[in-house]
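One-letter residues, chain by chain:
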Amino acid sequence: MIGRQRHCIALEDFSREELLLVLDLAVSMKEVLLRPIKKVPSLRGKSVVNLFFEASTRTRSSFEIAAKVLSADALNWTSASSSVTKGETLVDTARNLEAMRPDVLVIRHSAGGAPGLVAQHVNCAVVSAGDGAHEHPTQGLLDCFTIRERLGSLEGKTLAIVGDISHSRVARSDLHAFTKLGTTVRLCGPPTMIPAGVEQMGCTVTHDLRTAVEGADAVVMLRIQHERIGDPLIPNTREYSRLWGLNARKAADWLKPSALILHPGPINRGVELSPDVADGPHSVILDQVQNGVAVRMAILYLLAGGDPAEAKA
Ligand code: CP
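Thresholds applied
- Residues numbered from 1 in each chain as written.
- Predicted model: local features only at pLDDT ≥ 70, side-chain atom pairs only at ≥ 80, totals over all residues.
- Heavy atoms only, no water.
- Near = heavy atom within 4 Å.
- Polar contact = N/O pair within 3.5 Å; in protein donor to acceptor, adjacent residues only side chain to side chain.
- Areas by Shrake-Rupley, 256 points an atom, 1.4 Å probe, with all protein chains shown as cover.
- Nonpolar A, V, L, I, M, F, W, Y, C, P; charged D, E, K, R; others polar.
- Domains from an automatic or database assignment.
- Salt bridge = Lys/Arg side-chain N within 4 Å of Asp/Glu carboxyl O.
- Buried < 20%, exposed > 50% of the residue type's maximum accessible area, 1.4 Å probe, protein only.
- Helix = DSSP H or I, 4+ residues; strand = E, 2+ residues; numbered from the N terminus.

(A) Focus on the site of the ligand. For the ligand, the full set of nearby residues is Ser56, Thr57, Arg58, Thr59, Arg108, His136, Gln139, Pro264 and Gly265. Between the ligand and the protein, one listed contact pairs an oxygen atom with a backbone N or O atom of arginine 58 at 2.9 Å. For the ligand, whose free accessible area comes to 260 Å², the fraction covered by protein is 91%. Here the shell around the ligand is composed, by residue class, of one nonpolar, six polar and two charged. Two domains each donate at least three residues to the shell around the ligand, and these are domain 1 (11–135 + 292–312) and domain 2 (137–288).

Right, dumping it as structure tokens:
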């Protein structure tokens, strides 16, 4: 359990204390991950099934590595080589895999709500690895972890999230988590990519990149989610990059020297981030990837029945 949570579906459901429970435990998990021999017996005898109905590089690999560092068995399932191609439903697929007695099902799906639906039909723990444009809770947690690790605290800090907010499950999870942890959140992007009324979630909105990033302690840059957009929402990519992309000149003129740049990946280099910024001194993008393993270790440990007090001992 993560506090009252039997699953990890959406950070909207998490209290501040539940978020901090995961983030604090992930500090201990990162210490394990950085050891020369990165293996502990904490989840020996437990198993994790990764069900990915959408492509992934970082999330699927890090859930698999997280399970293995904790000595759980990990099975990677992909829809392309499964009986989904013969018409089997999501719920039937999940119930059949659950019959093999995994402790945790990790699910990525293009439909928002898919992990929540599965959680209603199985008894094991369910973790969302991203569902449509709804939420990507473990990405939100690893973003919090990365900024907290660098800046010491999230309370009183300012975060700008820039790009295709409307179609971004990362933006939604970040917004829920950072506002609960005391961070001021500014959203920025083309008017067609900002959901109407989003200010009610406790953030501010601007369409001007400079206004968003000046004075910010951290900036999350997002790619345009072409796979979730029907008709084009911007005139062209060059125009988008000119107005909402971050390059070295803008970073030098507008960012605080200590500002952190994050990106969930995959990066469209030259669109939302120029390569020299993506790989430059402000960037903590590869730290995010490493911290993703630590955060997912903490989630798997807690949902597979681990005691947080024992993990920190
Ligand atoms: N951040 C993220 O979700 O990356 P992947 O799509 O590669 O898992």
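(B) Structural detail: the pattern of salt bridges. Considering all chains together, one arrives at 12 salt bridges under this definition. A salt bridge links arginine 35 to glutamate 31; the nearest nitrogen and oxygen atoms lie 3.1 Å apart. Accessibility expressed as a relative area gives 32% for arginine 35, which makes it partly exposed. Arginine 169 is paired through a salt bridge with glutamate 54; the nearest N and O atoms lie 3.0 Å apart. Note that arginine 169 is positioned in helix α6 (residues 169–180) and glutamate 54 in the loop between β1 (47–52) and α2 (58–69), a separation of 115 residues in sequence. Like arginine 169, the residue glutamate 54 is buried in the burial classification.

(C) Examining unusual backbone geometry more closely. Here the amide bond leading from glycine 265 into proline 266 is cis, since omega sits at -5 degrees, within 30 degrees of zero. Inspection of the secondary structure puts proline 266 in the loop between β9 (260–262) and α10 (275–278). Even without being glycine, serine 71 reaches a positive phi, approximately 70 degrees. Here serine 71 is to be found in the loop between α2 and β2 (73–78). Positive phi is not limited to glycine here, since arginine 101 has a value of about 70 degrees. By secondary structure assignment, the location of arginine 101 is in the loop between α3 (90–98) and β3 (104–109).

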